[in-house]
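Close look at the chain arrangement
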Amino acid sequence: MAGPGPVPVAKSLKDIYTNDAITTQTARWETLLKQFKTNYGHSPDFVSRSPGRVNIIGEHIDYSLYSVLPMAITADVILAVKVIEDLAASSNSYKIKVSNVQALKFPSHEFDIPYDTVEIDATVHEWTNYFKSGLRGALELLRKKHGAGYKPVSMEILMDGTVPAGGGLSSSAAFVSASALAVMYANGEKAVDKTELTELAIVSERAVGVNSGGMDQSASVLSLRGSALFVSFVPALTAKAVSFPKTSPELSFVIAQSFVTSDKHVTGPVCYNLRVVECSLAAAYLHALLNKTSTPLPTDSGPLGISLHGFHDVYFKFSDKPVEEQLTELIKLTESTLTKEEGYTREEIAQVLSCTVEELNKRFTSTFPVRAEHFKLRQRALHVYSEALRVLQFMSILEDPSSHLDTESGTSTETFNQKLGNLMNTTQDSCRELYECSCPEIDQLCEIARRAGSYGSRLTGAGWGGCSVHLVPADKVEAVKAAWEKEYYGKMDLSGEQREAAVVVSKPGSGSAVLIVEGEGVL
């Protein structure tokens, strides 16, 4: 995995945040330190920090094993920590005191945790479970390093988070990563390896019932300021920093909440889970017809054991064509092979796969419950292959900006900016038309933003509600926000907390860090 080396230990907030965020963050961190002193009677030793993320481009293709391009955002989870030498609850346990800056919403807890295990009840939605899962993962790593008998220290912790929960910006990954980092650092690991932290955070989050693929934790831990992260899933999880060049006008990423919630557990059978099944069926169907074989695709790390990327690999096994050309050909093959716009029945798919409907259901629809008479294989495969191609095109523009500039534009990078934006806009079109994972509210937020000056606007996260991401020139950010207020948010009955969390402005931010607390200031 890319991004080797230790998690940085910051000297001041200037090492963590961009200049435009320093004033706000200084006030926030000083409040955290004061509140810690109020809660526990002394100052913390250090603060652990991990950010949320937004996926810039590459929507709904990670579970088909295609690369994506997330970035860390300014919004983050910070944990103030004090190691307490004399707080051991007994000879068989250690003590963890956890509190939250939002004490009324997230009540404080005190745990006496046995040395041998960290119990987490994933069926109970309790905020401290995310800390416990980071704790458990960190302890497993500490015991690998120091032996099975390793005894962790007791700790006092105060948490503050600005990543909106349930908004598609990976608040859970930020919390788990920050927690694991806090535990590692408190227990004497002063050079916490980024790769180890990422891998343990991925495994740790599964303890709270989140089956994570690794993009969120990679973005949270490994990101570098000013860079997005090109995350790939085959042959193994890898992450490469991709810089955004200096532009004129300067670019900002603006994240807007729709306040339409889509519970994956409730809507999964007709939304998220159904798309996973449709993509897997499309891979099997294309393989059977185009590779002219009844031998199944080789298994891979896709949720159902095969993927559209897996079909891609088999079909082009002996080809030396560039990947972009391969994807372009796959789009044409999909259009000519999967011709039924209305979708395919189980009987039609089973016949091509040379199996019974019962066997088809057992193989593809028993892991994830789905409700569908017709499976839209054509549309889903077209989205995945075209979106995978857009990710590579986006990467190409970022990595060679000079070839995408208008030679007559002087210092302006308007042409470059708009090319990136156009790809994001096309992603939104594909999500709406082919993948059918948008919703009228997200569509409206995108239309409003584009009219007000956004280069590119699209949904981000699972879809069917949630968040949208917008590539906006810095001098148009206020105009875009004002337009949303007038045409969207102003017509909603929002609480003060919702209104504050509605819009997040961020440049590509840095990943996890530790800041040592010395004295009262954090600058």
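Below is a summary of the structure that appears in this document.

Cut-off values and rules
- Within any chain, residue numbers begin from 1 and follow the written order of that chain's sequence.
- In keeping with the predicted nature of the model, local features appear solely for residues at pLDDT of at least 70, side-chain atom pairs appear and are counted solely at 80 or more, and the whole-chain, interface and lining totals rest on all residues.
- The basis for every side-chain value is the complete set of heavy atoms in the structure, and neither hydrogens nor water enter the calculation.
- Here, axes are lines fitted to C-alpha atoms. For helices the fit covers the stretch in contact, and angles between N-to-C directions go from 0 to 180 degrees.
- Secondary structure is summarised from DSSP: a helix means a run of H or I of at least four residues, a strand means a run of E of at least two, and numbering begins at the N terminus for each.
- Any angle that is under 35 degrees is reported as roughly parallel, and any over 145 degrees as roughly antiparallel; angles of 65 to 115 degrees are reported as roughly perpendicular and all others as oblique.
- Working rule for handedness: look at the near helix, and if it is turned counterclockwise from the far one by less than a right angle, call the crossing left-handed; if clockwise, right-handed.
- In this analysis, two residues are considered to be in contact whenever any of their non-hydrogen atoms come within 4.5 Å of each other.
- Residue polarity follows a fixed list, in which Ala, Val, Leu, Ile, Met, Phe, Trp, Tyr, Cys and Pro are nonpolar, Asp, Glu, Lys and Arg are charged, and the others, Gly among them, are polar.
- A side-chain nitrogen of Lys or Arg and a carboxyl oxygen of Asp or Glu constitute a salt bridge if their distance falls within 4 Å.
- Categorising residues by exposure relies on relative accessible area from a 1.4 Å probe, with only protein chains included: less than 20% of the type maximum marks a residue as buried, more than 50% marks it as exposed, and the intermediate range marks it as partly exposed.
- Between any two strands, pairing holds if DSSP finds at least two bridges.
- Comment: arc refers to directions from the helix axis out to C-beta atoms.

Here helix H2 (residues 128-146) crosses helix H3 (residues 171-186) at 40°, and the two axes come no closer than 7 Å. Taken together, the axis directions place H2 and H3 in an arrangement best described as oblique. Handedness of the crossing formed by H2 with H3: right-handed. Between H2, through Tyr 130, Phe 131, Ser 133, Gly 134, Leu 135, Ala 138, Leu 141, Leu 142 and Lys 145, and H3, the contact on the second element is made entirely by Ser 172, Phe 175, Val 176, Ser 179, Ala 180, Val 183 and Met 184. The class makeup of the residues in the contact of H2 with H3 is eleven nonpolar, four polar and one charged.

This part covers the pattern of salt bridges. Side chains carrying opposite charge are able to pair once their charged atoms draw close together. Inspection of the entire model under this criterion finds 28 salt bridges. With its nearest N and O atoms 3.1 Å apart, the salt bridge here joins Asp 45 to Lys 82. Here Asp 45 is found in the loop between helix H1 (22-40) and strand E2 (46-57), whereas its partner Lys 82 is found in strand E3 (residues 69-84), with 37 residues between them in sequence. The partner of Lys 507 in a salt bridge is Glu 250, and the shortest N-O contact between them spans 3.8 Å. Here Lys 507, found in the loop between strand E12 (503-506) and strand E13 (513-516), pairs with Glu 250, found in the loop between strand E8 (238-243) and strand E9 (251-257); they are 257 residues apart in sequence, far enough to count as distant. Given a relative accessible area of 40%, Glu 250 falls into the partly exposed group. Each of Arg 275, Glu 278, Lys 376, Arg 380 and Glu 436 takes part in salt bridges that share partners, so that together they form one network.

It is worth spelling out the sheet that holds strand E5 (residues 109-114) at this point. Pairing within the open sheet is mixed, and its seven strands lie in the order E1-E13-E2-E3-E6-E4-E5. Every interior strand has two partners, whereas the edge strands, strand E1 (9-10) and E5, have only one. Here E2 pairs with E3 via ten bridges, running antiparallel. Bridge pairing in E3 links Ser 50 to Val 77. Together, E2, E3, strand E4 (93-100), strand E6 (154-161) and E13 form the strand contacts of H1, whose direction differs from that of E6 by roughly 145°. Contacts from H3 reach E1, E2, E3, E6 and E13, with the element oriented near 150° to E2.

What follows is about the sheet that holds strand E11 (residues 467-473). Ordered by their spatial adjacency, four strands build an open sheet running E10-E11-E9-E12, and the pairing between neighbours is antiparallel. Whereas interior strands pair on both sides, the edge strands pair on one side only; in this sheet they are strand E10 (456-460) and E12. The mean inter-strand angle of the sheet, taken between neighbouring strand axes irrespective of direction, is 20°. Note that E9 and E12 share four bridges and pair antiparallel. The partner of Val 254 across the bridge, within E12, is Val 505.

A few words on helix H15 (residues 477-487). All of the buried residues along H15 are Val 477, Val 480, Ala 483 and Trp 484. In a view along the axis of H15, the buried residues occupy a sector of 130°, so they form one face of it. In this structure, H15 carries Glu 478 and Lys 486 as exposed residues pointing more than 90 degrees from its buried face. The secondary structure elements touched by the buried residues of H15 are E9, helix H14 (440-451), E11 and E12.

Note that all results are geometric; they support no functional claim without further evidence.
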